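Read off the chains here:
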There are 2 protein chains.
Amino acid sequence: MKNDVNLTVQALQRMPYYLQHLRKVDENGVQIISATAMANVLDLNEVLVRKDLSMICTSKGKPKSGFPVKELIDNIEDYLGYNNTMDAVLVGVGSLGKALLGNNEFSKFGLNIVAAFDIDEDIVGQVVCGKKVFPLEKLQNLCERMHIHIGILTVPAEFAQEAADRLVGSGVRAIWNFALIKLNAPDHVLVQNENLAASLAVLSQHLRNEMTEESKGVDLNEHTAL
Amino acid sequence: MKNDVNLTVQALQRMPYYLQHLRKVDENGVQIISATAMANVLDLNEVLVRKDLSMICTSKGKPKSGFPVKELIDNIEDYLGYNNTMDAVLVGVGSLGKALLGNNEFSKFGLNIVAAFDIDEDIVGQVVCGKKVFPLEKLQNLCERMHIHIGILTVPAEFAQEAADRLVGSGVRAIWNFALIKLNAPDHVLVQNENLAASLAVLSQHLRNEMTEESKGVDLNEHTAL
DNA sequence: ACCCTTTCGATATCCTAATATCGATATTAT
DNA sequence: ATAATATCGATATTAGGATATCGAAAGGGT
Ligand SMILES: NC(=O)c1ccc[n+]([C@@H]2O[C@H](COP(=O)([O-])OP(=O)(O)OC[C@H]3O[C@@H](n4cnc5c(N)ncnc54)[C@H](O)[C@@H]3O)[C@@H](O)[C@H]2O)c1
Ligand SMILES: NC(=O)c1ccc[n+]([C@@H]2O[C@H](COP(=O)([O-])OP(=O)(O)OC[C@H]3O[C@@H](n4cnc5c(N)ncnc54)[C@H](O)[C@@H]3O)[C@@H](O)[C@H]2O)c1
């Protein structure tokens, strides 16, 4: 256990990648892995990997060989809370909300969606992927009774702030926000944004660069196979 | 037009937030907005906002008043390519894939999904949200014929690499990857990861901190309303 | 037994993004 | 008109993450 240290957000976000690779090599029977090897596979700097691992790994790495794979897996899963699940509610059972409700992988990541909420009377009362959909009015009561601390927001942007306020009022400490809007929340409430527009912006700039590269004649033999 | 400059990824990802807020104030008839005001609303440093805006805005800001809202909107939309749409294909028509296919907001962000692909014979041939689902074998031909440069990956992680390879082989320049795995791709192909596990990691650490805070007695009056 | 190589941990350096500072300029109020 | 103030752009500084360096330790080969 090394759950008292706090990682930077960047390091934290690298952890699932380490874990994914460690699980893969573990399946292949690999017992020791070097930071160097991981760095090469994941396109990271090896010193960075070493530092990241040292933050959460309970034992030290051995020179010339590396770190024990199984132990790393345990440490990371432990650190990320994959063993003691976090209960969450979801607000907004539209097409994205349904996809998330139906995602059976979340349990592997320590997330458990216990209930969903919506204002649409056609949806309220239904059971979507084993999760019951309640009217929004029931939100506070259920969150308080079940000590829910995570809210997943999948409502249209124009309703996101009021839904967020409700979640905060229900005692939620973290909001996973899929709406394309900046939410206001008290300092102690973390808002983790999943902003597709931000990702698209990166894609768009890259493509524009690629296209102007091409028009400069750098890479014109791409389409000659046609 | 100021499309020759390249923004850092961070600045790029802030753009949609600026845009969202600018559109809101524009609807309320606001014609000039200061970087200071934007910074306050979006919880950013004002110098940072000023710098970001100066990168893409064609005119200068006026001391004591600010920047012209409409022009900023135009400039950002322009920069992000919201006016000339990028065509994309989607691979993996599962629950997430369907949600994305049904997302009618993408067109606002300059993204147009022209077709989908899957290996499941039950899905192939169907039309999902107006988009036809083709067998994977047709991928390369269609991408080359239609000059598709973006691939959206929503297959299970274990098939993601082979699907990515196919996309690369079909001439795609950017992959929007929703699978929880690190993909290998040539340098000129951008892989933009939408990794939910990474977000969950951030949530998890925050909650653990909140909980230990609480057990230290800092914030115990939260549940007294019960 | 000795050398060579790889990897480790620790420390130092670098680099980029974010923030602070400051003079200049436009607007508003007196 | 003049003073007060908010904002701007430019430049300097800070901060934090990523990377490079280096001696020490472990394993493998001869
Ligand atoms: N569909 C996608 O692929 C996708 C992807 C990323 C992000 N998003 C974002 O997620 C959000 C939802 O997208 P969607 O496509 O599922 O939309 P949707 O219209 O299919 O679903 C929205 C749901 O929210 C419910 N709702 C509306 N107001 C509510 C309120 N105040 N309280 C509770 N429920 C309310 C509606 O009844 C509806 O069921 C949007 O902000 C969208 O931008 C969607
Ligand atoms: N469901 C979610 O909420 C969610 C959210 C984020 C990320 N993801 C990720 O997105 C991916 C898809 O998730 P999902 O829930 O939609 O899964 P799913 O099982 O519902 O859908 C996967 C689809 O991919 C198809 N497929 C499998 N192999 C393929 C191949 N080689 N080529 C083309 N198609 C193939 C399958 O036939 C199926 O239709 C997973 O990697 C998952 O981790 C899912």
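Residues numbered from 1 in each chain as written. Chains lettered and ligands numbered in written order. Predicted model: local features only at pLDDT ≥ 70, side-chain atom pairs only at ≥ 80, totals over all residues. Heavy atoms only, no water.

Caption draft 1: Spotlight on the site of ligand 2. In the region of ligand 2, 24 residues are neighbours, and A:Glu105, B:Gly94, B:Leu96, B:Asp118 and B:Val155 sit closest. Near ligand 2, residues from chains A and B are present, making the site a shared one. Within the side chain of A:Glu105, one N or O atom sits 2.5 Å away from an oxygen atom of ligand 2. A distance of 2.9 Å separates an oxygen atom of ligand 2 from a polar atom in the backbone of B:Leu96. Coverage of ligand 2 by the protein amounts to 86% of the 810 Å² it exposes when considered alone. Contributions of two or more residues to the shell around ligand 2 are made by helix H5 (95-101) of chain A together with helix H5 (95-101) and helix H7 (157-169) of chain B. If one sorts the elements of the shell around ligand 2 by residue count, H7(B) sits on top with 3 residues. A class-by-class count of the residues in the shell around ligand 2 yields 15 nonpolar, 5 polar and 4 charged. (Near = heavy atom within 4 Å. Polar contact = N/O pair within 3.5 Å; in protein donor to acceptor, adjacent residues only side chain to side chain. Areas by Shrake-Rupley, 256 points an atom, 1.4 Å probe, with all protein chains shown as cover. Helix = DSSP H or I, 4+ residues; strand = E, 2+ residues; numbered from the N terminus. Nonpolar A, V, L, I, M, F, W, Y, C, P; charged D, E, K, R; others polar.)

Caption draft 2: Broad picture of the relation of the copies chain A and chain B. You can overlay chain A on chain B at an RMSD of 0.0 Å; the transform is a turn of 180° with a shift of 0.0 Å along its axis. The superposition operator between the copies reduces to a two-fold rotation axis. When C-alpha positions in chain A are compared against the rotation axis, the closest is assigned to A:Ala99, at 3.3 Å. The share of interface residues of chain A whose copies in chain B are also at the interface is 100%, consistent with both copies meeting through the same surface. (Least-squares fit on C-alpha atoms with pLDDT ≥ 70 in both. Contact = heavy atoms within 4.5 Å.)

Caption draft 3: Summary view of the pattern of salt bridges. All names here are of chain B. Scanning all chains against the criterion turns up 12 salt bridges over all chains. Between Glu46 and Arg50 there is a salt bridge, with the nearest N and O atoms lying 2.7 Å from each other. Taken together, the residues span about one helical turn, with Glu46 and Arg50 both in helix H3 (residues 46-56) at a distance of 4 residues. (Salt bridge = Lys/Arg side-chain N within 4 Å of Asp/Glu carboxyl O.)

Caption draft 4: Structural view of the interface of chain A and chain B. Taken residue by residue, the interface counts 67 residues in chain A and 68 residues in chain B. Here chain A packs against chain B, burying approximately 6,400 Å² in sum over the two surfaces, 61% of which is carbon and sulfur. Where chain A packs against chain B, one counts 4 salt bridges. For A:Lys182, the salt bridge goes to B:Asp43, with nearest N and O atoms at 3.1 Å. (Buried area = accessible area lost by both parts, 1.4 Å probe.)

Caption draft 5: Highlighting the side chain of B:Ser199. Tracing the backbone shows B:Ser199 in helix H8 (residues 196-215). A distance of 2.7 Å separates polar atoms of two side chains, one belonging to B:Ser199 and the other to A:Glu194. Excluding residues within four positions of it along the chain, B:Ser199 makes contact with A:Gln13, A:Trp176, A:Gln192 and A:Glu194.

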